[in-house]
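Each chain, letter by letter, is given below.
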Amino acid sequence: MKKPEYKLPKTILLSLIMILPGSCFVSAKSPPDMHPGRMVTIRPQEYNGPVRNPFKGIESRLKLPLTEKINTKEWYKLGSVINLRGYFHWNTIESHKNSGKEKIAERVNYILDGFEEYNCHGRYRSSPGVGTGYVETFLPNDLPETDYLNQTAYFRRRVAKTIQNLGETLDGDPRIALVEIGLIGKWGEQHHPTPTPETQDVMGKAYTDYFKKTLVYNRNVNQFKDFKFGYFNDAAMEIGGCGGSMEKFVAGRYPDLWKTYPMEGEIRSWSGAIMGTDHNPMVVLQNDNKTRWAINNIRWSHYSHCCLLGQVWWYGSAPRGFPGWDKLTKHEKKNLFDIHKAFGYRFIITEFKYESSMSPGDVFDVSFKVVNEGAAPMYYKWPVEISLLDPISRTPVWKETFTGVDIRAWIGGEGFPVGPGEGHKNFQSALYEYTTPAPAHNIENTFRLPADIPDGTYIIAIAVLSPKGTPALRFAVSNYFNGGRHPMGYVGVNLAPGQVEINPADFDDIFNDPLCVPDNPETIKSRSNRSGLFRPEAGAME
């Protein structure tokens, strides 16, 4: 009998920051193979553009709360982690020692309400103020500045209690990606004053004890040495910046820390080491050598995300050399896209196998191979969903999650041919690949179809769910349905599956996906008027 011919499902995938021409339908790299047991193998086409995903990419800075209409224009283009620093001054979450957790929840809800509606997450830092000699101090009313500056025993007790309240309120909040240690030093950055060893011990233990689900990171490689936290390099992309802090951190105490804790950075564009002067981010976008420098630094340091290019994504008047999104040239956008693609994880499904026909109640196998071409893993254990969708409404008729799958283990490439120090000068001469390429992670599960599922033809789809239980993380493959699911092909229940090819016209423009793009600002405003303490809707991050 002649084998039926199968073709890869085709689609258009539009990135969140670029619109591809309408003719860019993708084709299979090779036709799927038929295997005994009615198995079909699909090899999806990689999507070559940047994909906006949680916990990775270019960090946005916005004016908060989200109720302000000015925020609905540009912040969602590439930024998927929102910089919240400056909005959690210590005195806004604790006016006195008995303030408790209600004031923290009230302030956090005011800032973060609505985040769970979009595919982005916040980065939290509590700032204590800047100490004597500066204009503002944001300490609680009953915490004398002298206690703070001298880091007395009273101060250490207060800061430990504050961290406990923060942990008991925020740990596992699915809207918060990361918690920065903060709470001491100018801008909450552990300098002026520098935390004493006693203070570091108290704060490190408190963050370790009270943040079990949400990841914590610090800014100074010479501090909190007895604790495992992620790291925020205050001088990313520089040669020997801040005393070569990233070099010390990556090559020193914990060379493999990036596999379980995030590496981040802030580019000090005023230093001139890469960015040029006067906070001009266009230097990198216009100069291919500096673009390569940025990408190589991201890969070598395993950065998940950065406050990149000065204030590129600080929405407002587009200060410090950034001319505005609409004025970027095609060349500048391409360099920006390539930089964004290098950050964090980039999951590519290279192979997807499933049984193309079955009967109600049948047991069936699904497997796929995924390669992480990004610089870092995904740091939270979000579940992977398989579903059968109604081909007309696209709503799930059946869905279940894979068991025993931990997407945090989808590690990418390792090792870099150019080392720290003087070797960084070569970062702009060529793009370097990892000496150990990213492996293919093979995922397989057996599922049982419900006995009462109606006969018919369905679309089999895959997705990664957020803690809320909705599709959130996107694979870098071209087949995509609005809402976050990736269709792979057709399945027949008590029917031959017919054609496996899916009409490209059925696929969506992800740019208009309501999960990713803010809707009417008045709708946001009404949604943000909710009151009361935060309660996670569907569990916490793992």
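Given the structure is predicted, the values throughout are model-derived calculations rather than measurements.

Caption draft 1: Representation of the pairing of strand E15 (residues 384-389) within the structure. Among the 6 residues of E15, 6 are classified as buried, and the element is accordingly described as predominantly covered. Going residue by residue along E15, you find Val384, Ile386 and Leu388 tucked away on one face and Glu385, Ser387 and Leu389 tucked away on the opposite face as well. Looking at chain direction, E15 and strand E18 (residues 456-465) are connected through 6 bridges and run antiparallel. The residue bridging Val384 from the neighbouring strand is Val464, located in E18. The pairing of E15 with strand E16 (residues 396-401) spans 5 bridges and is antiparallel. Within E16, the residue paired with Ser387 across the bridge is Lys399. Taking the residues that link successive antiparallel strands as the turn, the E15-E16 hairpin has 6 residues, and the phi of Arg394 there is positive, at about 65 degrees.

Caption draft 2: Layout of the nonpolar core. Ranked by internal contacts, the top residues of the largest apolar core, which has 78 residues, are Phe352, Phe368 and Trp410. When residues in this core are grouped by element, the largest group, 5 residues, is from helix H8 (residues 288-301). Listed in part, the 28 residues of the second largest apolar core include Phe88, Val108, Ile111 and Phe211.

Caption draft 3: Representation of the environment of Phe427 in the model. Topologically, Phe427 is positioned in the loop between E16 and strand E17 (440-448). When its relative accessible area of 0% is taken as the criterion, Phe427 is described as buried. Through-space distance from the C-alpha of Phe427 to that of Ile295 is 8.5 Å; in sequence the pair is 132 residues apart. Once residues within four sequence positions are removed from consideration, Phe427 is found in contact with Arg292, Trp293, Asn296, Asn297, Trp300, Phe416, Val418 and Tyr432.

Caption draft 4: Region of the structure containing the packing of helix H4 (residues 153-170) against helix H5 (residues 197-210). Closest axis-to-axis distance for the H4/H5 pair is 9 Å, and the angle between their directions is 20 degrees. Considered as vectors, H4 and H5 are oriented roughly parallel to each other. Crossing geometry of H4 relative to H5 is assigned as right-handed. Here Phe155, Arg156, Val159, Ala160, Ile163, Gln164, Gly167 and Glu168 of H4 lie close against H5, whose contacting residues are Glu198, Thr199, Val202, Met203, Ala206, Tyr207 and Tyr210. Grouping the constituent residues of the contact of H4 with H5 by class yields 9 nonpolar, 3 polar and 3 charged.

Caption draft 5: Up close: the pattern of salt bridges. Inspection of every chain in the model, using the stated rule, returns 15 salt bridges. Among the salt bridges present, the one from Glu189 reaches Arg219, with a minimum N-O distance of 3.3 Å. Within this pair, whereas Glu189 is found in the loop between strand E7 (176-180) and H5, its partner Arg219 is found in the loop between strand E8 (215-218) and strand E9 (230-233), the two being separated by 30 residues in sequence. Pair check on accessibility: Glu189 and Arg219 agree, each one buried. The salt bridge involving Lys205 is made with Asp201; its shortest N-O contact spans 3.3 Å. Remark: Asp201 and Lys205 occur in helix H5; sequence separation between them is 4 residues, near one turn of the helix.

Caption draft 6: Quick peek at H5. Its 14 residues give H5 an end-to-end C-alpha distance of 20 Å, which sits within 8% of 20 Å, the value for a rise of 1.5 Å per residue. Along H5, the positions that sit buried rather than exposed are Thr199, Gln200, Met203, Gly204, Ala206 and Tyr207. All buried residues of H5 fall inside an arc of 165 degrees around its axis, so they share one side. Tucked into the core, H5 has its buried residues touching H4, E7 and E8.

Caption draft 7: The packing of aromatic side chains, seen in detail. Here the structure, examined in full by the defined rule, presents 20 aromatic pairs. Residues Tyr217 and Phe232 carry aromatic rings whose centres are separated by 5.8 Å and whose planes lie at 20 degrees to one another, so their mutual orientation is stacked. Of this pair, Tyr217 sits in strand E8 while Phe232 is found in strand E9, placing the two residues 15 residues apart along the sequence. Grouping residues by exposure puts Tyr217 and Phe232 together as buried. When the ring of Phe364 is compared with that of Trp398, the centres are 5.6 Å apart and the planes differ by 65 degrees; the resulting orientation is edge-to-face. In this pair, Phe364 sits in strand E14 (residues 363-372) while Trp398 sits in strand E16, placing the two residues 34 residues apart along the sequence. You'll find Phe364 and Trp398 in the same group, each marked buried.

Calculation notes
Residues numbered from 1 in each chain as written. Predicted model: local features only at pLDDT ≥ 70, side-chain atom pairs only at ≥ 80, totals over all residues. Heavy atoms only, no water. Buried < 20%, exposed > 50% of the residue type's maximum accessible area, 1.4 Å probe, protein only. Helix = DSSP H or I, 4+ residues; strand = E, 2+ residues; numbered from the N terminus. Pairing = 2+ DSSP bridges. Core = buried A, V, L, I, M, F, W, Y, C linked by side-chain atoms within 4.5 Å. Contact = heavy atoms within 4.5 Å. Axes fitted to C-alpha atoms, helices over the stretch in contact; angles between N-to-C directions. Parallel < 35°, antiparallel > 145°, perpendicular 65-115°, else oblique. Left-handed = near helix turned anticlockwise from the far one by under 90°. Nonpolar A, V, L, I, M, F, W, Y, C, P; charged D, E, K, R; others polar. Salt bridge = Lys/Arg side-chain N within 4 Å of Asp/Glu carboxyl O. Expected span 1.5 Å × (residues − 1). Arc of directions from axis to C-beta. Phe/Tyr/Trp six-rings, centres within 6.5 Å; stacked < 30°, edge-to-face > 60°.

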